[in-house]
Every structure is written in structure tokens, then in C-alpha cells.
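Summary of the model geometry
This is what each chain is made of:
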Amino acid sequence: AGIHVRGAGSAAEYLFTSQATVTAWFKTDAAMPGATLLQLTDGSDVVYALTWTADGDLAFVVTNDAGEMLIAASGEALDDSAWHIVAGGFDGLTAFVTVDGVRVGSATGSAAMAPSDSATLTLGCGDSATASSFFVGQLEEVALFNLTLNDGTLAAMSNVMAPPDADFLTGDEP
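Structural notes, computed from the coordinates. Note that this is a predicted model, so its numbers are computed, not measured. (Residues numbered from 1 in each chain as written. Predicted model: local features only at pLDDT ≥ 70, side-chain atom pairs only at ≥ 80, totals over all residues. Heavy atoms only, no water.)

Things to note about the side chain of Thr63
The line we're drawing: Strands are runs of DSSP state E lasting at least two residues, helices are runs of H or I lasting at least four, and both sets are numbered from the N terminus onward. Here the term buried applies to any residue with accessible area under 20% of the maximum for its type, exposed to any over 50%, and partly exposed to those in between, with areas from a 1.4 Å probe on protein chains only. Contacts between residues were defined by any pair of non-hydrogen atoms, one from each residue, lying within 4.5 Å.
With respect to the helices and strands, the residue Thr63 is situated in strand S4 (residues 58–63). Given a relative accessible area of 14%, Thr63 falls into the buried group. Excluding anything up to four places from it in sequence, Thr63 contacts Val46, Val47, Glu68, Met69 and Met113.

Regarding the pairing of strand S2 (residues 36–42)
Heads up, the rule is: Strands are labelled as partners when DSSP assigns at least two bridges between them.
Burial of S2 is extensive: 7 of the 7 residues sit out of reach of the surface. Between S2 and strand S3 (residues 45–52), which pair antiparallel one after the other, the connecting turn spans 2 residues, and Gly43 there sits at a positive phi close to 70°. Both S2 and strand S9 (residues 120–123) contribute to a ladder of 4 bridges, which runs antiparallel. Across the sheet, the residue bridging to Thr41 is Thr120, located in S9.

Remarks on empty space enclosed by the protein
Rules: Grid points spaced at 1 Å over the protein atoms alone were grouped into cavities, where a 1.4 Å probe fits but cannot get out, and pockets, open sets with protein on both sides within 12 Å along at least five of seven lines, with lining residues defined by an atom within 4 Å of a point. Grid points are joined across faces, edges and corners, and a volume is the space filled by probe spheres set on the points. Gly counts as polar in this scheme, as do all residues outside two lists: the nonpolar Ala, Val, Leu, Ile, Met, Phe, Trp, Tyr, Cys and Pro, and the charged Asp, Glu, Lys and Arg.
Here the structure, examined in full by the defined rule, presents 2 cavities of 30 Å³ or more. Its boundaries defined by the atoms lining it, the largest cavity holds a volume of some 50 Å³. In terms of lining residues, the largest cavity is bounded by Thr23, Ile85, Val86, Ala87, Thr98, Asp100, Gly101, Leu154, Met157 and Ser158. The residue makeup of the lining of the largest cavity, split by class, is 5 nonpolar, 4 polar and 1 charged.

Overview of the sheet that holds S4
Backbone-to-backbone hydrogen bonds join strands into a sheet, with any given pair of strands oriented parallel or antiparallel. Applicable threshold: Between the N-to-C directions of two axes lies an angle of 0 to 180 degrees, each axis being a line fitted to C-alpha atoms and, for a helix, fitted only over the stretch in contact.
With respect to topology, 5 strands assemble into an open sheet ordered S5-S4-S3-S2-S9, the strand pairing being antiparallel. Each edge of the sheet is formed by a strand with only one pairing partner; in this case those strands are strand S5 (69–73) and S9. Taking each pair of neighbouring strands and ignoring which way they run, the sheet shows an average axis angle of 10°. Bridging between S3 and S4 involves 5 bridges; their strand directions are antiparallel. Residue Trp52 lies in a different strand from S4, and its bridge partner there is Leu58.

Dropping the structure here:
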């Protein structure tokens, strides 16, 4: 198991301004308030992130160009040692988070994201690089899209794709 980002190229390819969807498979057995799966930061500002809130819920966070932070929390810690496919998205108005193909949280606010060319994409760690910001577990199949994947597409991804360490013929974990 390892971490990889689908798509090659410069960070500028991940500087989405009006729409974005990020997806990832992960599993963990640790409660991790403040830990981060993936984030794009611009200086000290989070542009978007799949992260755990202080309450321990997985969330998709977007900071729009007005400086407003939208937090779409899942209501779930997902620290059950099972593989989960999660997605966070922003369509220019609504930030959302899905878990295993089901939308479980959303937050609404207007305006586009506004990252600069110097923004940094990070996997498995928050921008503070403190111990509490590190993700503890397995992270696989990270994907970034410059469009908003709809609920049907995200549900299909959950149903069609097997967890990373599963037998792809049966879907059973070893």
C-alpha cells in the first residue's frame, strides 16, 4: 500500500476555482480530531481539505474567495478499521462530503475558491505539521477532479470500485 495522486503535472493543475471533487479510499482505527487526508493550502489558508473536525467527524472544508469557510461534516469518525471511499466537493455554492457513496453532509455559501499559483497540495498531513494533523492509517487511490461529480457518479464509484486490498473479482478483503 502506498500513497499516490492520479494525474501528473504541476500544482497549477489542482488549483480549481469554481468546482472541485476529491476522492480517496482510506481506513483507520484511530480517532484523529484535527488530522488531514488531503488539503490544498495557499500560504496559511486552506483552499480545500478532507479533514477531521475538532469533534472527530470527517469533513470537507472549502474556503471561498470571500474568506468564508464552509465545513461539510459527515457526522462520522470512520475509525472502524474498514475501507471507506470518501469524496468532498464544491460546486460554487455548496460544499459536500460523501461516505461510501452517500452524501452525509453539506454547507452552503457563495463565491469561488481563489488559490494562487503558489498553493501547495499535501496528502496525509495538515498545514501545521503537528502530530495531531497527521493521518494515521492507510490512504489509497486519491483523485482530484476540476468538476463536481454528482451523487449518482459517487454512488457508482462506491459500488463499482473494490477497496484497495480486496480481491477485485469478489470484492472480499483478504
